[in-house]
Amino acid sequence: MSATAPTTPPPTDSDIIRLAQSCAPIPSSLLSTQSHPTLLSYLTSRSQSPSPSPPVSDYTLSLLSLISQSPHTHSLSTLLSSLLLSYTRLFTSSQIPHDPNSLKTLQFFHTLLPHVPTPHLPQIIDPILLFLPRIFDSENAQILDLLPRCLSLIRSSDEVERGGNVVNSVIDQILEINWSKGLLIKMVSIVRDFPVLDKLRAREFVDKVFDGMSSLDLQDLPSLVYQLLVLASRGFVKKDVVEGIVMFFGAKMGRKKANSIVRQVEGTVLLHVNFAVKQDPSLGQEVMGLVKSDLRAFNHFTVAVLLSVSRVRKFGEVSMGALKMAILTAYRDYKFAKDCKWISDDMKEEYLQNVKVIEKAMLRAVHESNYGREHIVPSILQFAFVLLESVEEGNYKELCNLSGVLGIEELAIQMLKAIFVAHDMARNEIIEQCKFRILSLKPEQSMVIIRVLSNLAQSYPYPMLEHVSRLKELLDYFTFMHGKVAAQLVTALLPLIKFSRDLKDYTILVMRKAMFRQEDTIRLAATDAVIDLILAEKQSKKDDLLSFQESSSQATSSQQSEVPYNVGGGLFQELSGLLQRCLYQPANVKEVMYHGLVKLVLMDPSSGGAVFDFLLPHFLHFFKEDADVQLGISYCIKSESGKAYVQEPLDCLLSCVSQMLLLQPNGKTEKALNSSWACLGFSLSQENELGRSSSADTFYSSILKIQKSLRNQNIEDIFGQTQDGGSSSFEDNKRKCSAFVLSGIIEVLVNAIATDLDKASDRKKLDLEKEIIQFVEIHHSLDKDTYFSSKSTAVRKGSTRTPTHDILNNINSSHSKEMQARVSLFTTSAIYQILQTLLRLLDTDSSVNVEASQLQSQSTSKTSKCSSEFISFVLNVSLSHIKSSILLRNEDPLRTLIYGEIKMLGSPLLKLISLFKSGPKLVMDQKKKEAKGKKDVGRREYLHLALCCLKELITICSNSDLTGLLEDMVSISTLKDADLKIECERASRIEDPHIRSIELFILKTLKPLFSELLALSLFGEVEIICDLILMIGRKLPCPLKNSHGAWAISVCKNNEIKNTKAGKSVVTLAICLSSPPNDLAISQDMARELLQVIGSEGDAPEEVSQIYPTINHQTCSVISSCILHIVESVVVDMDWAIKKLKTFSLVSQKGIHLNQNSEESPELAFEENLYSRAEAVVKVLSSFVSMSLNDTQAEFVLRLAARFYKHLAKMSKLRIAPKGCKQIFPSLKFQKLVEVTCKELTVPLYIFVEIMQKKQQVNANKKGIINRIKRENRCIPDLIFQIEDYEKYLIQLCKVTKVNLLRHAKRSTARDFRIQLNEESREEEDEENAPSSEANHDNEIAVENESAEDLDVNEGNGSERALSPDYINNPPAVDDSGSDNEEGDDHPPSAKRLKRVNRVVEDSEDEA
């Protein structure tokens, strides 16, 4: 168009709308830039109308429709840019409404954005950015739809200078402002269209989203999470998205009130996560990695997510495994931290809180499973049973009563109980799973499942009754189960039997069948079950009666007397025939039944008459009133296959009968107490005598006659019945069985007499004491018959009991287990009375000895002899009684009846110890040799036995009422040491009664005892005192414990103890009661002294240490072993600590909950402590590798050093930052550890190995040396590999940190020699290795040496190496110190790098 030509006037806004509606071509005036201002002015004028939305929208859409016909035209693209800018300003200034019309307009603009000149786009973005703070709802956020495409066009265009920087600047401005709810939701929906964000900005975006999610409405959360999961599936900071979702719903939402709406929202989110994992399995991997990498991410929502993900087939086992590992790791960490001495209290508390958090998270996830997340219920069931099966893997029961921790088993049971209550459909599956696992698992694991059934039956009996048919199916397998499992199963079902007659009858039917089985264990289980059934029925009736009496409290006495209660009848009468069959079973079955009947009478004393009627006919088989020998011991013995055994435990029968007689209710008269029967402790009322039957009277008179006959009749007359003319060995065995039963009967009678001592008058007490001593003499005369050599057979079919006189000789032998296999025939009260009697006799005996010390009277000798027999009996039965107390559970009613308050034995035992210690001169070693074979073994043995009793008593009470026991003993302690008196006064001011009692007992009792016994050279007794101090001293806080450790150190410095066991005990006490780092510092000092006493290569050993006289030529071997085992425990602790260090490293390097205050972080303190412990281990081992150790200890040092270097290699590897993480400079502690290790351990170790190899050459011809050489040669290659593996990581660390950590390292020389065997020895070795040589052929490897190339500190190529014949046939195997394949680089020597490992060489002749 020429300049002079008339211009076409621009069309009006109405013309534009009409042209667009008629689809007319673009008018020429529209192509002119001069018309653009006019066209834009129409937009402004329309926006000023009263209802601007339709006018503005119609005009803008019409204009855009015309532009879209040729948007690439320059003038139109310019018009498009100006129109978009004007519309954006109108929108952001709120001059036009934000409604569907504006949304439609913006969508049209979005399609034409590629035709907007790119340089104009930043101008369009600026008003949008300014408008962001004013966006509060979705309508306001419509304009943001333009933002992602604008940014993409800017980044991809070359017309905008530094387009990437412009885009980053825009994103930074978006991230800097505060986001409203509407803006947050909109940003999440459009961020997927943004240009690719770098990781830093993407993470900042995700953090901003999760920070703002707390302000969103609950109904907006599921859709928002779904959009985030879609983003993550496209690779948008996947790990951060997953972690953010888990932490938001687990932590931030978890702090809100968990109402039903919140739970429903969480359930919907879980379904979204489940669906997303199905579509993108990598999201599931991120969930697993989050739980594994940081236990602090564990919360109830994490549990729900893992359980939900486990429903995806691909992640079923993996998800369960991750959840299980997290829980087990938390328990293991807490258990380890609780027992570890060098971990700070803050870290111990942290691990305790971790366990509690995990338990609460698990239970909360289970309790909320019925709110929109029913799909995880099967996973919960499965996981609960997985936990129950893992109980065997680690026993955490000791944690359950500490600090409110449930424990794995209780946690799983609580989960199943919650599911059982909340989901009716899950009950069938729970019962079926219990049934299946009880029948298929090991007995130990089955017992755990049975405890689940027991809990369900006790807590929810009525719902459980719906599954009686399945429980009856389970009972069908009773005879095929393990005995303990079968018995416990019936016990678990007892709460249901009360409500189900059908289940009760079926159980009885199963028990009847089981009684006819041949297996003793099944019959024993059936007997247990029958007794439990009777007791359960009796308890049920008793509870019903009490309930009825309470409800009828206002009734008259006549009405109350009519309450139906079948005394002595019921199930006991019904099952009497079945119980009758028990009387023909082996002895162990009868014992179970007898004890069960005692429980029955204990629960209902009025049922005693029926029980006596039941037992009397059986008892009369063994007691003949009219016979010359009334007690038929021979009928208790049965022979089978030429061997005799006890068929009838008559002693147990009499014991139970006597206990039942004592349980009978007292009447209005006490006729029996005035008769001679009172000596047995029985009291029968006139009401009972005239009542039910005469069975009780018969038992009374029978036991009286047994008592009289044993007191007056010759024992040989009783044994004479057993001589049947058989073989000598058979008759000896039969006699021993008879003596065994008779000894038990005597113990029963002594127990009955002792029971009455407390109530008897002083004069009567003397008669009772004489009677007890008389029976003890009879018991002593049976010792030679009840003694069993190692070749003799068991006396009781089904159970054994070690004679009491053997306890002293077998205190530390396997016979003590046999002694514990039977419930004691004594009661604690009777033992207490006998101990008091012994104390009175000893006081009398002591006073007589003092008066007659110059006269040497014969009467005194006789009294001493009687006291000696009595002492032996009392101490032996006391020890047997104390040890057997662990046989009965705390809830067993027999435990209360028989063992009662067992702590009451502490005071008399301590008094006995004091008397034995301060009595006449104890028998020394030489006198003991002269007195060998005599009956009186001397007061020293009695002292030892009394101390053993005290030790066992404290051990048993340590888990219950240790404080009460110690307080009783402290109250009778007398202290003469003035220094200790000051300490006792200080200890008496301790507020905690438990700590105070322990401290006072050590100060007032144990330490004075130790000093006196050590002065008397009673080293066996000193060892027991050390064990006691160590046992209870470990319960003290660190300051008090350190004081006792310092005392033990002073003992080592001031006493030359030559006894090996006592020396070892004192050294153990000194080290173990010293808190870190003092424990290893003491070990260092003692190791240096051991080096002087044992000597090194070329240095003569000393006879005794100048600093620690306890370390001398006699004790050096056991003390060195003791210190090595303590060091080994530290190395074992390091294994766990390095795993935790690895976790801390991952957390800090990858930014998972990073603690910004790294200087004060507990993780850093933990790491420094670990390095300090490792440095102390180096210094201890450095002394040992310089010693001339014996072969066993030398091999142990090699293995221990290999394990230690393996841990050092792991620590060095952790110091190397992975790719993408900042390399941290090694701390000064670590550098010092490396320096000390290289200088003080690595170099001496190579010399130590060389000396060992030379000794092998010298002794190569000795018998048995070949096997030892082969054993050591398996240790040496592993050690060399671990050393060089450690140095390899140090080299890598040097390269990345530019710190020379190997300035003190020296090249290995230990592989420059080999073992030369003579031909004869080699032939023997070849014969031994022939079977395995072919199998090991593939393991023959030879690889080049890498360390010489890496170190760059040595010159030359090294010496030549040759394979030893031992390695050719037997390649070295890594034992305990080898790799556990935990990490990829921690494996034994492989085919690619092991020339340095498969060589043990000697100096070659060329180098020589």
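Residues numbered from 1 in each chain as written. Predicted model: local features only at pLDDT ≥ 70, side-chain atom pairs only at ≥ 80, totals over all residues. Heavy atoms only, no water.

## Some details on the overall build of the chain
Each helix and strand in the chain was counted, giving 62 helices and two strands. Per-residue burial over the chain gives 54% buried out of 1408 residues. When contacts within the chain are restricted to residue pairs at least 6 apart in sequence, long-range pairs at least 24 apart make up 77% of them. As presented, the chain carries roughly 62,100 Å² of accessible surface, and 50% of it is formed by carbon and sulfur atoms. (Helix = DSSP H or I, 4+ residues; strand = E, 2+ residues; numbered from the N terminus. Buried < 20%, exposed > 50% of the residue type's maximum accessible area, 1.4 Å probe, protein only. Contact = heavy atoms within 4.5 Å. Areas by Shrake-Rupley, 256 points an atom, 1.4 Å probe, with all protein chains shown as cover.)

## Section: the state of the cysteines
Under the definition given, this model contains zero disulfides. Summary of cysteine pairing: cysteine 949 is not part of a disulfide, and the nearest cysteine sulfur, belonging to cysteine 948, is at 7.1 Å. (Disulfide = S-S within 2.5 Å.)

## Some details on the packing of aromatic side chains
Two descriptors summarise a pair of aromatic rings, namely the distance from one centre to the other and the angle between the planes of the rings. Tallied over the entire structure, the rule returns 23 aromatic pairs. Here tyrosine 87 and phenylalanine 109 contribute two aromatic rings whose centre-to-centre distance is 5.5 Å and whose plane-to-plane angle is 45°, an arrangement assigned as tilted. Note that tyrosine 87 is positioned in helix H5 (residues 74-92) and phenylalanine 109 in helix H6 (residues 100-112), a separation of 22 residues in sequence. You can call tyrosine 87 buried: its relative accessible area is 2%. By relative accessible area, phenylalanine 109 is classed as buried at 1%. Ring geometry for phenylalanine 205 against phenylalanine 236: centres 5.9 Å apart, planes inclined by 90°, an arrangement best described as edge-to-face. (Phe/Tyr/Trp six-rings, centres within 6.5 Å; stacked < 30°, edge-to-face > 60°.)

## What to know about helix H52 (residues 1038-1054)
Under the 1.5 Å per step criterion, the end-to-end length of H52 is 24 Å for 17 residues, consistent within 8% with the ideal 24 Å. All of the buried residues along H52 are Lys1041, His1044, Gly1045, Trp1047, Ala1048, Ile1049, Val1051 and Cys1052. (Expected span 1.5 Å × (residues − 1).)

## Structural notes on unusual backbone geometry
With an omega of 0°, the peptide bond running from proline 1076 to proline 1077 counts as cis. Along the chain, proline 1077 falls in the loop between helix H53 (1060-1072) and helix H54 (1078-1094). Although it is not a glycine, serine 94 sits at a positive phi angle of roughly 60°. Take serine 94: it is sitting in the loop between H5 and H6. The exposure class assigned to serine 94 is partly exposed, which follows from its relative accessible area of 47%. Positioned with a positive phi, serine 1017 is a non-glycine residue whose angle comes to about 60°. Overall, serine 1017 belongs to the partly exposed group, its relative accessible area being 35%.

## Section: the pairing of strand S2 (residues 643-646)
Here strand S1 (residues 637-640) pairs with S2 via four bridges, running antiparallel. Considered in S2, the bridge of lysine 638 is made with tyrosine 645. Count of turn residues in the S1/S2 antiparallel hairpin: two residues, of which serine 641 carries a positive phi of about 60°. (Pairing = 2+ DSSP bridges.)

## Section: the confidence of the model for the chain
In the predicted model, the chain carries a mean pLDDT of 77, and the fraction of residues at 70 or more is 77%. Contacts of residues 852-866 to residues separated by more than four positions or lying in other chains number nine contacts, the stretch itself having pLDDT below 50. Note on residues 921-937: pLDDT under 50 across the span, and 19 contacts to partners over four residues away in sequence or across chains. (pLDDT = per-residue confidence, 0-100.)

## Describing the packing of helix H19 (residues 377-390) against helix H21 (residues 408-422)
Axis separation between H19 and H21 bottoms out at 9 Å; the angle between their running directions is 155°. It follows that H19 is roughly antiparallel to H21 by the angle criterion. The element H19 and its partner H21 pack so that their crossing is left-handed. For the pair formed by H19 and H21, the contact residues are Val377, Ile380, Leu381, Phe383, Ala384, Phe385, Leu387, Leu388 and Ser390 on the first element and Ile408, Glu409, Leu411, Ala412, Ile413, Met415, Leu416 and Ile419 on the second. Along the lines of polarity and charge, the residues of the contact of H19 with H21 split into 15 nonpolar, one polar and one charged. (Axes fitted to C-alpha atoms, helices over the stretch in contact; angles between N-to-C directions. Parallel < 35°, antiparallel > 145°, perpendicular 65-115°, else oblique. Left-handed = near helix turned anticlockwise from the far one by under 90°. Nonpolar A, V, L, I, M, F, W, Y, C, P; charged D, E, K, R; others polar.)

## Digging into the environment of phenylalanine 1184
Structurally, the position occupied by phenylalanine 1184 is in helix H56 (residues 1162-1184). Separated by 13 residues in sequence, phenylalanine 1184 and valine 1197 have C-alpha atoms that sit 7.6 Å apart. Once residues within four sequence positions are removed from consideration, phenylalanine 1184 is found in contact with Ala1087, Leu1090, Ser1120, Ile1123, Leu1124, Leu1189, Val1197 and Phe1248.

## Digging into the pattern of salt bridges
Inspection of every chain in the model, using the stated rule, returns 44 salt bridges. In this structure, glutamate 1021 engages arginine 940 in a salt bridge whose closest nitrogen and oxygen atoms are separated by 3.9 Å. On the criterion of sequence distance, the pair formed by glutamate 1021 in helix H51 (residues 1019-1033) and arginine 940 in helix H47 (residues 939-957) is long-range, its members being 81 residues apart. Of the two residues examined, glutamate 1021 and arginine 940, each falls in the buried class. Bridged by salt links that share partners, the residues Asp172, Asp198 and Arg201 form one connected network. (Salt bridge = Lys/Arg side-chain N within 4 Å of Asp/Glu carboxyl O.)

## A closer look at a nonpolar patch on the surface
Together, Leu439, Tyr477 and Phe480 give the surface a local cluster of nonpolar side chains, amounting to about 320 Å² of exposed area. Structurally, phenylalanine 480 is set in the loop between helix H25 (468-475) and helix H26 (483-497). On the basis of relative accessibility, which here comes to 61%, the residue phenylalanine 480 falls in the exposed class. (Patch = residues over 30% accessible without salt bridge, like charges linked within 9 Å, V, L, I, M, F, W, Y side chains within 5 Å.)

## Details of the environment of asparagine 165
Its place among the elements puts asparagine 165 in helix H9 (residues 163-176). The partly exposed category is assigned to asparagine 165, whose relative accessible area is 47%. When the C-alpha atoms of asparagine 165 and arginine 155 are compared, they prove to be 8.5 Å apart, with ten residues separating the residues in sequence.

## A few points about the side chain of lysine 417
Here lysine 417 lies in helix H21. Here lysine 417 is buried and forms no salt bridge, its nearest opposite-charge partner glutamate 410 lying at an N-O distance of 5.6 Å. Aside from chain neighbours lying at most four places away, what touches lysine 417 is Asn455, Leu456, Ser459 and Tyr460. (Lys, Arg positive; Asp, Glu negative; His and termini not counted.)

## Considerations on the packing of helix H50 (residues 993-1015) against H51
Taken N-terminus to C-terminus, the directions of H50 and H51 make an angle of 160°; their axes are 9 Å apart at the nearest point. The orientation of H50 relative to H51 falls into the category roughly antiparallel. In this structure, H50 crosses over H51, and the sense of that crossing is left-handed. Between H50 and H51, the residues in contact are Ile998, Phe1001, Ile1002, Leu1006, Leu1009, Phe1010, Leu1013 and Leu1014 and Phe1019, Glu1021, Val1022, Ile1025, Cys1026, Leu1028, Ile1029, Ile1032 and Gly1033, respectively. Partitioned by chemical class, the residues of the contact of H50 with H51 number 15 nonpolar, one polar and one charged.

## Examining the environment of leucine 894
Of note, leucine 894 is situated in helix H44 (residues 893-898). Here leucine 894 falls in the buried class, since its relative accessible area comes to 2%. Sequence-wise, leucine 894 and glycine 596 are 298 residues apart; in three dimensions their C-alpha atoms are separated by 9.0 Å. If we skip the residues at most four places from it in the chain, leucine 894 touches His595, Val598, Lys599, Leu888 and Tyr899.

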